[in-house]
Amino acid sequence: IQRLNLADKGIHRLGASAIALGAKQCINLNMLNLCDNPVLEESDPSLIRSPKARCIMEQVQAEPAYGHGIVAMLCVALQDHQNMEHINLAATGLTDTQGPLLALLVRVSSLQGLYLGRNNLGDETCGHLYLVLSGDKCRLTALTIQCNSFSALGFYAFWKGILRTNSRLRNLQVGLQSYNVYGSERGQRDIDISLRLNKAGRLRLLDNRSALTREWVDCLSGVNDDVDCSFALLRENPTLCGLVSGKL
């Protein structure tokens, strides 16, 4: 098995934890989709009638991580997993309580894509993700976190925090909501501009304090057909305006 799609199947905490534990043994699994399931809610144990199923569930409940929920179970299961690349936990009821564990999941696993949309994650979770995603401390290339409860502070952690140090992240979706940052409305468009600038080489220059002006001009030339990126880069480096005007 390489892909396991269990979206919207009425899976509760015990069942989701059993799936996470099973993923530990399924070494070829690279995609797990648990979206639209109430994975944090307890189910009625009387509904489990099969003796074999009850035995398995007892084993799951005996796991130390079980008391901390599905994300903790995934952290344990995927600690040494080499192939898991995508996990979808959208609309599963996640809150800031799971924030530290989500950051740990990203750090300890081989994940490349994590989908957390339509939950109740706030600024605290954004802070935990900032700590693990700033720089290149993990393999994550895609993060979806739209339709959550974070404010301008959480948005800023992504826009002016993570995206100014992380060269691996290629896709970051925060949704259509706008955030008031220093009197200006910011949102997904600004995230997209930062991602395009990073692709053009901005991060390498930000990390190199001795970068030559010519290198910044080369970066600007790489986005000269992208008005938004050109404007953003010139705004960050006003001294380039004179050089560009001189060339014109």
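Residues numbered from 1 in each chain as written. Predicted model: local features only at pLDDT ≥ 70, side-chain atom pairs only at ≥ 80, totals over all residues. Heavy atoms only, no water.

**Topic: the pattern of salt bridges**
Phase 1 of the analysis: The tally for this structure, following the rule as stated, stands at 5 salt bridges.
Phase 2 of the analysis: One salt bridge in this structure joins Glu42 and Arg13, with 2.7 Å as the shortest N-O distance. With Glu42 in the loop between strand S2 (31-33) and helix H2 (51-61) and Arg13 in helix H1 (residues 13-25), this residue pair connects regions lying 29 residues apart in the sequence.
Phase 3 of the analysis: Notably, a salt bridge pairs Asp228 with Arg189, separated by 2.5 Å at the nearest N-O pair. In this pair, Asp228 is assigned in helix H10 (residues 227-236) and Arg189 in helix H7 (residues 188-200), connecting sequence segments 39 residues apart.
Phase 4 of the analysis: For Arg189, a relative accessible area of 54% corresponds to the exposed category. (Salt bridge = Lys/Arg side-chain N within 4 Å of Asp/Glu carboxyl O. Helix = DSSP H or I, 4+ residues; strand = E, 2+ residues; numbered from the N terminus. Buried < 20%, exposed > 50% of the residue type's maximum accessible area, 1.4 Å probe, protein only.)

**Some words on the environment of Leu233**
Phase 1 of the analysis: Here Leu233 shows up in helix H10.
Phase 2 of the analysis: With relative accessibility at 0%, the residue Leu233 sits in the buried group.
Phase 3 of the analysis: C-alpha separation for the pair Leu233 and Arg202, spaced 31 residues apart in sequence, amounts to 8.6 Å.

**Notes on unusual backbone geometry**
The bulk of non-glycine residues show a negative phi, and the bulk of peptide bonds are trans.
Phase 1 of the analysis: A positive phi angle, near 60 degrees, is found at Asp36, a position not held by glycine.
Phase 2 of the analysis: Residue position: Asp36 is located in the loop between S2 and H2.
Phase 3 of the analysis: Of the residues examined, Asp36 reaches a relative accessible area of 29% and is grouped as partly exposed.

**Quick word on the layout of surface pockets**
Phase 1 of the analysis: As a volume, the largest pocket reaches approximately 410 Å³.
Phase 2 of the analysis: As for the largest pocket, its lining consists of 18 residues, and the residues nearest its centre are Trp159, Arg186, Asp190, Ala232 and Arg235.
Phase 3 of the analysis: Looking at the lining of the largest pocket, the elements that each hand over two or more residues are helix H6 (152-161), strand S8 (184-186), H7 and H10.
Phase 4 of the analysis: Here the lining of the largest pocket is composed, by residue class, of 8 nonpolar, 2 polar and 8 charged. (1 Å grid on protein atoms, 1.4 Å probe; cavity = no way out; pocket = protein on both sides within 12 Å on 5 of 7 lines; lining within 4 Å. Points joined across faces, edges and corners; volume = space filled by probe spheres on them. Nonpolar A, V, L, I, M, F, W, Y, C, P; charged D, E, K, R; others polar.)

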